[in-house]
Each structure stands twice: as structure tokens, then as C-alpha cells.
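Structure assessment
Next come the chains, spelled out residue by residue.
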Amino acid sequence: MTRGSPLRYLGWMARDVAVRPGLACLAIAGLFAFIATRMPAAFTPASAHDFLVRTVSQFDWVIVLIATAGLVSWDRASGYYRSLFSQPVSPGAYYLQRWLLGAVGVAAFVPLVGLGILLVTGSFPFSGPLLARLLLKYLLLGGLTLALSTVLRADWMIAFLISVLQSVLYSLDKNGAPLNAFSKLLIHALPPFQIGTSAFGAAGYPTGSELTHGLLYGAGLLVLALAALTLRPLGSGGRA
Amino acid sequence: MIALEAVSKVFRSLSGRRSVSALSEFSLSIARGEVVGLAGPNGAGKSTLISLVLGYLNPTQGSVRVGGLAPRAYAQSHGVGYLTELVVVPPRWSVNVTLRRFAVLGRLGAAAARRVEEAIELTGLGEHRRKQVRQLSKGTLQRLGLAQALLAERELVILDEPTHGLDPLWTQRFRDIVLALRRPERAVLIASHNLDELERVADRVAIIHQGRLQRVVRPGQGTVASVYRLVLAAPCERLGEAFPDAIGIEGRPLEYQVRGELAALNAGLARLLALDGQLAGFSAEQSGLEREFRAAMGEDGA
């Protein structure tokens with residue numbers, strides 16, 4: 001373990017993730033299971049699978065935002081960072097570890113909802129492509145929220161608005177609506193959130209250049225967040 | 001250990017039109033083995049200075065080095081025993097959990113459990129160990145902050161307003177704790193409004209006002225002019241021969257205010273006793289540090 005590594009704190013951090021975003025995700029999974037009990041037709045394995053994919057796909061952004069909202073900004077605003085980083089810990093490594101744990105939590109959401117559906121329908125649905133899509137969403141939307149969180153308090157809200165703007169512009173462009181040059185530039189400059197749906201090929205798993213674009217974009221967001229955490233002191237932002 | 005050279009820090013508004021100078025051309029060195037106080041009124045720049053030493057802010061001009069390294073690099077590799085001005089801990093954590101977490105983060109390894117127990121014992125938190133942070137009184141929370149800061153044996157300890165919210169008993173105990181912190185390899189920086197406390201524990205006190213270092217005072221070396229109260233048991237007509245500048249205190253015919261350096265005061269007392277003056281009491285009314293502080297603030301009394 002290198003100096004400044006927060007690996008030794010992994011257990012405590014996992015507990016924090018399980019308690020804060022974890023409980024919220026558990027409540028959402030429970031809500032989906034409850035909805036399943038209200039479905040008029042009896043579930044078959046195929047319909048349980050469809051139900052899982054439809055519900056999780058519609059709310060994946062909520063799960064991602066719950067897992068990443070205020071990751072850095074809350075510690076900065078509360079002043080908690082002052083005690084935390086007087087310890088021999090690197091802020092970049094600490095928040096990257098926390099972000100990765102969030103990814104594990106988000107990945108656990110799919111089998112968790114599946115388990116809820118199993119309890120009420122007797123059928124355990126699982127979808128690998130759904131899980132991959134959710135993780136791609138986490139990389140892009142969660143990466144954006146983390147990057148924004150290093151400088152802004154309203155990180156999740158701004159990340160959400162950016163994702164809405166990008167989705168609207170992308171849909172308009174895809175449907176042939178006339179867009180000005182700036183809007184077209186925005187479509188390319190903003191995170192490619194559309195890959196969560198369009199990059200899934202015949203095999204059901206993400207493939208192709210669009211996927212590569214998404215992965216590189218997400219990695220870029222993480223690099224940006226780490227650069228901000230390294231170069232921008234945590235106490236900065238105080239104004240005259 | 002700490003070297004601040006011509007450090008300035010300016011906070012600017014987002015538009016850049018407004019700016020506030022929090023520190024200006026501030027230079028100070030703190031060696032290992034020293035306990036240095038930082039005194040100044042609210043808004044003087046004490047917290048900004050501490051943030052610079054911890055690497056939570058970058059200076060606008062000048063340089064800050066800690067242990068020969070950039071401040072953040074030093075904190076990340078060595079850790080700093082740091083008590084924040086306002087102790088901020090997630091409110092649902094218990095005292096025990098808070099200290100165990102910081103012990104893990106502080107790389108205490110196998111010694112973690114023992115050090116947690118020692119810190120709890122030192123700060124008298126035993127009866128509160130299972131309480132959540134949100135249930136703690138202000139003074140107890142401050143003691144938790146102190147316990148956290150002292151968990152590991154750090155070479156740099158920074159205490160920001162350490163007696164804030166402490167009752168008189170714990171203020172007294174705090175002095176003992178700081179005195180026990182002295183090590184040849186360790187530097188201790190204490191920012192406080194409490195001049196009496198700084199005078200008792202610090203080797204040097206840096207007085208800061210409006211972001212500038214006004215002066216550095218060495219308490220208790222006898223070179224600092226002070227104000228004392230002299231109380232006689234009976235009237236003494238020749239008091240003026242011993243203390244020519246003694247000022248009678250209104251409504252108290254046997255009490256006088258006298259000023260001077262320690263050597264002159266001792267000579268005056270010896271002369272007074274030789275003149276058959278009967279001394280009932282002699283006590284510091286304004287400490288040397290307080291006097292220096294008031295002078296640095298531009299107030300009368302210097």
C-alpha cells in the first residue's frame with residue numbers, strides 16, 4: 001500500500017456506501033418489487049426479465065445520481081475534509097475509491113431488484129446487458145457528477161440538467177430536426193449518454209466505436225476529477 | 001518545520017472586481033521542538049494561515065514549506081495532528097467509531113485500538129464513547145476533536161482555538177496536555193484568542209492583525225513590559241520612591257497600578273519593603289502578552 005492510499009479505510013467506506021446510497025437503492029428496489037405484485041398478468045421468466053429491464057432502464061439515472069451526489073462537495077461544504085485530509089491520505093485516491101465503491105453498489109442494484117422480483121413472482125431475472133448499460137451510465141453520469149463535485153455544490157443537479165440537454169439535442173438530431181452549429185457542437189462535446197441504448201449490438205453487449213467513445217469520455221471525466229482534486233486545494237472557493 | 005516566506009493570500013470575487021487580502025507579506029518560521037502561539041482578533045488571518053500550512057489553500061504570493069515539502073505533500077505522507085476550529089464529524093458517528101475511523105485513516109495499524117483507548121482516557125471521553133456526535137455538548141465535541149488530533153504521534157500538531165467551549169477544568173487540563181506534547185522533534189502551532197492560555201504554553205506568540213504579522217513575543221522572559229496591581233496592607237507615604245509611576249485605583253485607597261519590566265518591578269518591590277511598606281498583594285493585571293497584543297492592535301496601553 002503506497003503512502004496516502006486510502007485502501008485501509010475500504011471497510012469503513014463500504015459501510016458508508018451501504019448505509020447512505022445503499023438504503024435509498026434498497027428502497028427503490030423494494031418499490032419495484034411492490035409494483036411487480038400489482039401487475040395484472042402472472043409473471044413468466046421472460047416477462048420478469050422484461051419487467052426488470054424496463055424498470056431499471058427508466059430509473060438508472062436516479063440510481064447513479066444517488067450513488068454519486070455530493071461526493072466531494074458535501075465534504076467541502078461541511079468542512080469535514082479538514083480533519084479527513086490532515087491524515088496521511090490523498091484526496092484523489094480517497095474519492096476515486098469512494099466512486100469505485102459506488103460503482104459496485106450500482107452494479108449490485110440489478111441483482112437486488114431481481115431478488116425483489118424473485119420474492120414476489122418466484123422468478124429471478126438477470127440481464128447482463130442491463131448491468132453493462134448501468135455501469136456505462138455510471139461511468140458517464142457518475143463520472144460527470146464526480147468531476148462537477150470537485151468544484152460545485154450543486155453537482156448532481158447540474159449533471160442531471162446536462163444529461164437532459166444532451167438527450168434532447170441527440171434525439172432532435174437523430175430525428176432530423178434542424179439544429180444550428182452550436183447545438184451540433186454540444187451534441188459532440190457533451191457526454192455521449194445515448195450509448196446506454198444504441199451501442200448494444202446483436203449480442204446484447206456493448207460494442208463498436210460509440211462504446212469506445214463512451215469509455216474514453218468517462219475515463220477523461222475521471223482524469224479531470226483527479227486533476228482537480230490534485231491541483232485545486234480543497235479549501236479554495238472562498239470568495240471576497 | 002514550518003517556513004512561511006512573504007506569504008500573501010487574496011480572496012477574489014467570481015467577477016474579480018472585489019478582493020479581500022487575508023494575509024500580506026507574512027513570514028514566520030517554526031522549528032521542531034517549539035510551541036508557537038498565533039494570536040489575533042477575528043478575521044485577522046489565523047485560519048487562512050492554518051489552511052495554507054495544511055495545503056487547503058495555495059498562497060497568492062510567497063512560499064509555504066512544511067518539513068521541507070509542499071504542505072499537501074507533507075500532510076499526505078506524514079499526517080498532521082490537527083484540531084479544527086469547529087469540530088465537524090458526521091453526526092451519526094459515535095465517539096468510539098469516530099476515533100477508530102481516524103485511527104485507521106491515520107495508519108496506526110496494530111496500535112490503533114490502544115491509541116484510541118489512550119486518547120479516550122486522556123480527554124475523559126470514556127462515559128461518552130457510545131454516544132453519537134450529535135448528542136455531544138460543545139465542550140465534549142471539542143474534546144473529541146482534541147482526541148482525534150492527538151491519536152497519532154505526529155511531528156506537526158496544529159490546534160485551532162483548542163479551548164473553545166471547554167469549561168475551566170478542561171481548559172486547565174488542556175494546558176497539561178499541551179505541555180506533555182512537547183518533543184524535540186515536534187512543532188506545535190496553537191491559534192487562540194485566549195492570550196492567558198498562550199502565555200502559559202507557548203515559547204513564542206506571533207501576533208497577527210489584518211493579515212500582517214505585527215510582532216513575535218516571547219512570553220515570560222522578563223523583557224516584556226507588563227501591568228501589575230499592587231495592594232498595600234497599610235498606607236505608605238513613600239510609595240512614590242519605589243514606584244514613581246504608580247497610579248492609584250479609584251475607590252480603592254490601598255491599591256495601585258504599576259508598570260514596568262520584571263527587573264524594574266522587582267527592584268521597586270525591594271525598595272518598597274526596605275521603606276517599611278507593607279505588601280498585601282501583587283498580581284499581574286495585564287500580562288506582557290496582552291499588553292503587546294493591545295499595542296499591536298493599535299490600542300492604548302502600550
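Predicted, not measured: the structure shown is a model, and the values here were computed from it. (Residues numbered from 1 in each chain as written. Chains lettered and ligands numbered in written order. Predicted model: local features only at pLDDT ≥ 70, side-chain atom pairs only at ≥ 80, totals over all residues.)

Counting residues at the interface gives 23 residues for chain A, matched by 30 residues for chain B. Looking at the side of chain A that touches chain B element by element, the count peaks at 3 residues for helix α4 (residues 80-84) of chain A. Among the residues making up the side of chain A that touches chain B, the classes are represented as 9 nonpolar, 10 polar and 4 charged. (Contact = placed C-beta atoms within 7 Å. Helix = DSSP H or I, 4+ residues; strand = E, 2+ residues; numbered from the N terminus. Nonpolar A, V, L, I, M, F, W, Y, C, P; charged D, E, K, R; others polar.)

A few words on the sheet that holds strand β2 (residues 19-30) of chain B. Residues and elements named next belong to chain B. Read from one edge of the open sheet, 3 strands run β2-β1-β4, paired in antiparallel fashion. In this open sheet, the two edge strands, each paired with only one partner strand, are β2 and β4 (61-66). Looking at each pair of strands side by side, their axes are set apart by 25° on average, direction ignored. (Pairing = 2+ DSSP bridges. Axes fitted to C-alpha atoms, helices over the stretch in contact; angles between N-to-C directions.)

With 129 residues, the main nonpolar core has L151 and I190 of chain B as its most contacted residues. Ranked by the residues each element gives to this core, the list is headed by helix α6 (residues 128-149) of chain A, at 12 residues. Filtering out sequence-adjacent residues up to four positions away, L151 of chain B remains in contact with L99, F102, A103, G106, L108, R115, V116 and A119 of chain B. Grouped together as the second largest cluster of nonpolar side chains are 7 residues, L230, L239, A242 and F243 of chain B included. (Core = buried A, V, L, I, M, F, W, Y, C linked by C-beta atoms within 7 Å. Buried ≥ 20, exposed ≤ 12 C-beta atoms within 10 Å, placed from the backbone.)

This part takes up helix α3 (residues 95-105) of chain B. An α-helix turns once per 3.6 residues; consequently, residues spaced three or four apart project the same way. Regarding α3 of chain B, the residues found buried are V95, T98, L99, R101, F102, A103 and L105 of chain B. Looking one or two places after α3 of chain B, you find R107 of chain B, whose phi comes out positive at around 60°.

Backbone geometry at Q210 of chain B places phi at a positive 50°, although glycine is not the residue there. Checked against the element boundaries, Q210 of chain B lands in the loop between β8 (204-209) and β9 (212-217).

All names here are of chain B. Overall, mixed pairing links the 6 strands, which are arranged β5-β6-β7-β3-β8-β9 in an open sheet. Here the strands that pair on one side only, and so sit at the sheet edges, are β5 (81-83) and β9. Going across the sheet, the axis of each strand differs from the next one's by a mean of 15°, ignoring polarity. Judged from the 3 bridges that link them, β5 and strand β6 (residues 156-160) form a sheet pairing that is parallel.

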